[in-house]
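Chain by chain, the residues:
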Amino acid sequence: MTPLINLAAEPKSAEVTDWAARLGWVAGLLIFIGFVYWLMRQGWKWRGTLQSGLPELPAVPDTLGEAKLELSGRYHGSTTAGQWLDRIVAHGLGTRSRVELTLTDQGLAVVRPGANDFFVPAEALREARLDKGIAGKVLTEGGLLIVTWAHGETLIDSGFRSDHAAEHAAWVEAVNSMNSTNHASTTEGTAR
């Protein structure tokens, strides 16, 4: 009988790795990840096709007039108004980016480096509010500035976050006061 100590001291070679099986699993995993990415991209394209009836976005005019408010921050996307998960991707509205917002008497200029700029005329602005989320982005209560505006037959919510969140309240007040002024002048014009 061999003492146990001698058995433990015997040299033992390491197990040989089955490289073919390991490479097969890695290749399968990469193919699966590529397939999931392709499906996500097809879904994004399909959503854009469904929203193709949305008219082209108005371009930012060359002369905006005097700025009431300006904001630097992030654009987090746009959704159908009241449906915070129904992202709109047509015309680049689904692309997140940095943003420079300028509010004037003419409307809201949305300048996005690396993405499509657009302009929301003053008569298209409906309201502004503070909220906590929009498709793909959830923050603390009041962390997002949501501007609701009309584009064609569609009401759209666009989400912005200022680099200085304390600015949000002033934006809500300014956009809502513009909307009430526009609504009052429209009502007067209709009554005459």
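In this text the structure is predicted, and so the values were computed from the model without any measurement.

A. Quick look at the overall build of the protein. Within the protein, the regular secondary structure consists of three helices and ten strands. In sequence order, the secondary structure elements of the protein are arranged as α-α-β-β-β-β-β-β-β-β-β-β-α. Across the 192 residues in the protein, those meeting the buried criterion constitute 32%. Intrachain contacts of the protein at a sequence separation of at least 6 include 60% that bridge at least 24 residues.

B. Expanded view of the pattern of salt bridges. Evaluated as defined, the whole model comprises five salt bridges. As a salt-bridge pair, Lys-68 and Asp-105 come within 3.0 Å of each other at their nearest N and O atoms. Here the residue Lys-68 occupies a position in the loop between α2 (19-50) and β1 (69-80), and Asp-105 occupies one in the loop between β3 (97-103) and β4 (107-111), the gap between them amounting to 37 residues. With relative accessibility at 43%, the residue Lys-68 sits in the partly exposed group. For Asp-105, a relative accessible area of 59% translates into the label exposed. Of the charged contacts, one joins Arg-98 and Asp-163 as a salt bridge, the two residues approaching to 2.9 Å between their closest N and O atoms. Residue Arg-98 is found in strand β3, and its partner Asp-163 is found in the loop between β10 (154-162) and α3 (168-191); the two are separated by 65 residues along the sequence.

C. Broad picture of the environment of Phe-160. In this structure, Phe-160 sits in strand β10. Using a relative accessible area of 1% as the deciding quantity, one classes Phe-160 as buried. Considering only alpha carbons, one finds Phe-160 and Gly-73, 87 residues apart in sequence, at a separation of 7.1 Å. Ignoring anything within four residues of it in the chain, the contact list for Phe-160 reads Arg-74, Tyr-75, His-76, Val-99, Leu-101, Val-110, Leu-144, Leu-145, Val-147 and His-168.

D. A look at the side chain of Ser-78. Note that Ser-78 resides in strand β1. Within polar-contact distance, the side chain of Ser-78 engages the side chain of Ser-158 at 2.6 Å. Residues in contact with Ser-78, not counting those within four places in the same chain, are Asp-86, Arg-87, Ile-88, Leu-93, Ile-134, Ile-156, Asp-157 and Ser-158.

E. Structural detail: unusual backbone geometry. Its identity is not glycine, yet His-91 carries a phi of approximately 60°, on the positive side. Summarising the element assignment, His-91 is placed in the loop between β2 (87-88) and β3. Relative accessible area serves as the criterion here: at 22%, His-91 is assigned to the partly exposed category.

F. Main features of a nonpolar patch on the surface. Side chains of Val-26, Leu-29, Leu-30, Phe-32, Ile-33, Phe-35, Val-36, Trp-38, Leu-39 and Met-40 sit close together on the surface and give an oily, nonpolar patch of about 1,000 Å² of accessible area. Checked against the element boundaries, Val-36 lands in helix α2. The exposure class assigned to Val-36 is partly exposed, which follows from its relative accessible area of 31%.

G. The packing of aromatic side chains, seen in detail. A full pass over the atoms with the stated rule returns four aromatic pairs. Here the aromatic rings of Tyr-75 and Phe-160 are separated by 5.6 Å at their centres, their planes lie at 55°, and the arrangement is tilted. Here the residue Tyr-75 occupies a position in strand β1, and Phe-160 occupies one in strand β10, the gap between them amounting to 85 residues. Above the plane of the ring of Trp-19 lies Arg-22, whose end atom (NZ or CZ) is 5.6 Å from the centre. Directly above the ring of Tyr-75 sits Arg-112, whose terminal nitrogen or CZ lies 4.5 Å from the centroid.

Rules used in this analysis
Residues numbered from 1 in each chain as written. Predicted model: local features only at pLDDT ≥ 70, side-chain atom pairs only at ≥ 80, totals over all residues. Heavy atoms only, no water. Helix = DSSP H or I, 4+ residues; strand = E, 2+ residues; numbered from the N terminus. Buried < 20%, exposed > 50% of the residue type's maximum accessible area, 1.4 Å probe, protein only. Contact = heavy atoms within 4.5 Å. Salt bridge = Lys/Arg side-chain N within 4 Å of Asp/Glu carboxyl O. Polar contact = N/O pair within 3.5 Å; in protein donor to acceptor, adjacent residues only side chain to side chain. Patch = residues over 30% accessible without salt bridge, like charges linked within 9 Å, V, L, I, M, F, W, Y side chains within 5 Å. Areas by Shrake-Rupley, 256 points an atom, 1.4 Å probe, with all protein chains shown as cover. Phe/Tyr/Trp six-rings, centres within 6.5 Å; stacked < 30°, edge-to-face > 60°. Lys NZ or Arg CZ within 6 Å of the ring centre and 35° of its normal.

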